[in-house]
Amino acid sequence: MTDSVLAVDAGNSKTDVAVVTAEGEVLGTARGGGFRPPAVGVPTAVDTLAEAVGTAFAEAGVSSVTHVSACLANADLPVEEERLAAALHARAWGGTVDVRNDTFAVLRAGVAEPRGVAVVCGAGINCVGMRPDGRTARFPALGRISGDWGGGWGLAEEALWHAARAEDGRGGPTALARALPAHFGLPSMPALIEALHLEHIAAARRHELAPVLFATADAGDPVARRLVDRLADEVVTMATVALTRLDLLAEETPVVLGGSILAARHPQLDKAVRNLLSSRAPKAVPTVVTAPPVVGAALLGLDTLNAPPRAEEKLRAHYA
């Protein structure tokens, strides 16, 4: 059989895998559950991958591949990538294994070559960059302890904070004090605070408040609008730092925007990101990624195999 790649894009909520030949032909695909080593441990998390890999291998008619290109959530530090790479190598799915943080899949899915920067803003926020010579830029992306701010979860927390203080007089007025509880059918912020504290509303549902924040900002609320502007500043700050680290600030370079919040193209956020980029990184070319991240994982694998350009064209056509 020709050289082939097992591409894995594993997020917290779902996993996509694909078996792809060095010519870009997709032989088999599968979708599995979320990949959460911190919650369930590495062996159990890899077992979840194994189910999807087994399905894709069966569809492709193979038992192994030349190379495994795995872009995994929760691979935030080099030591975590090394541990996960060892765990995947032990499964003997491929002769060689590369493990990267899943943000690299979004980046490669959005560029024509392994060169550029990506900022992903979904539940959390992260940024990575790469050059064809192998140099990368990245952030730990571990939350506030690593200096992060933003993402849907962070926006929800900030919205709740401002709304609570508006309600009891510690802060200025904001329409969020009415909009947030109304989303859950509750009459006031005290009722929402009680429901969240007593877990009458599951903690995971807090992410539903990010769209409420954007809607409130669109309606003109100053507090909500300031939060959206702060997120735009954070996105551009991360991108600019990554571009600087890679010596790409003075070159025309793609800046890929991904994740549910950036992909939604909220008018205020999208305009602010582009305006700030034009000021701080005039050579940056912002683009919203549309290809699924598993395409990026596969392309990283094809890069490793030195596949011809037509392989990328064929792969992208399959997922178009």
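Calculation rules
- Residues numbered from 1 in each chain as written.
- Predicted model: local features only at pLDDT ≥ 70, side-chain atom pairs only at ≥ 80, totals over all residues.
- Heavy atoms only, no water.
- Helix = DSSP H or I, 4+ residues; strand = E, 2+ residues; numbered from the N terminus.
- Expected span 1.5 Å × (residues − 1).
- Buried < 20%, exposed > 50% of the residue type's maximum accessible area, 1.4 Å probe, protein only.
- Contact = heavy atoms within 4.5 Å.
- Core = buried A, V, L, I, M, F, W, Y, C linked by side-chain atoms within 4.5 Å.
- Pairing = 2+ DSSP bridges.
- Axes fitted to C-alpha atoms, helices over the stretch in contact; angles between N-to-C directions.
- Disulfide = S-S within 2.5 Å.

Participant: Help me out: how do you make sense of helix H11 (residues 267-280) in this one?
Facilitator: One turn of the α-helix equals 3.6 residues, which is why residues spaced by three or four share an orientation. Over its 14 residues, H11 runs 20 Å from end to end, which matches the ideal 20 Å to within 8%, given 1.5 Å per residue. By the burial criterion, the buried members of H11 are Gln 268, Leu 269, Asp 270, Ala 272, Val 273 and Leu 277. Residues of H11 that are buried make contact with helix H8 (209-218), helix H9 (222-245), strand S9 (253-258), helix H10 (260-263) and strand S10 (284-288).

Participant: Could you clarify how one ought to interpret the nonpolar core in this entry?
Facilitator: Ranked by internal contacts, the top residues of the largest apolar core, which has 53 residues, are Leu 180, Leu 231 and Leu 269. For this core, the element with the highest residue contribution is H9, accounting for 12 residues. Excluding residues that lie within four positions of it along the chain, Leu 231 makes contacts with Cys 121, Ile 125, Trp 149, Gly 150, Gly 151, Leu 155, Phe 214, Ile 261 and Leu 269.

Participant: I'm lost on the sheet that holds strand S6 (residues 116-121) in this one. Help?
Facilitator: Sheet strands associate in pairs through backbone hydrogen bonding, adopting either a parallel or an antiparallel arrangement. Read across the sheet, five strands follow the order S8-S7-S6-S9-S10 without closing on themselves; strand pairing throughout is mixed. The open sheet terminates on both sides in strands that have one partner only, identified here as strand S8 (136-138) and S10. Averaged over neighbouring strand pairs, the angle between their axes works out to 15 degrees when direction is ignored.

Participant: Help me understand the state of the cysteines in this model?
Facilitator: Simply put, disulfide is the name for a covalent bond between the sulfur atoms of two cysteines. Enumeration according to the criterion identifies zero disulfides in this entry. Lacking any disulfide linkage, Cys 71 is separated from the closest cysteine sulfur, that of Cys 127, by 15 Å. On the basis of relative accessibility, which here comes to 0%, the residue Cys 71 falls in the buried class. The thiol of Cys 127 is unpaired, and the distance to the nearest cysteine sulfur, on Cys 121, comes to 12 Å.

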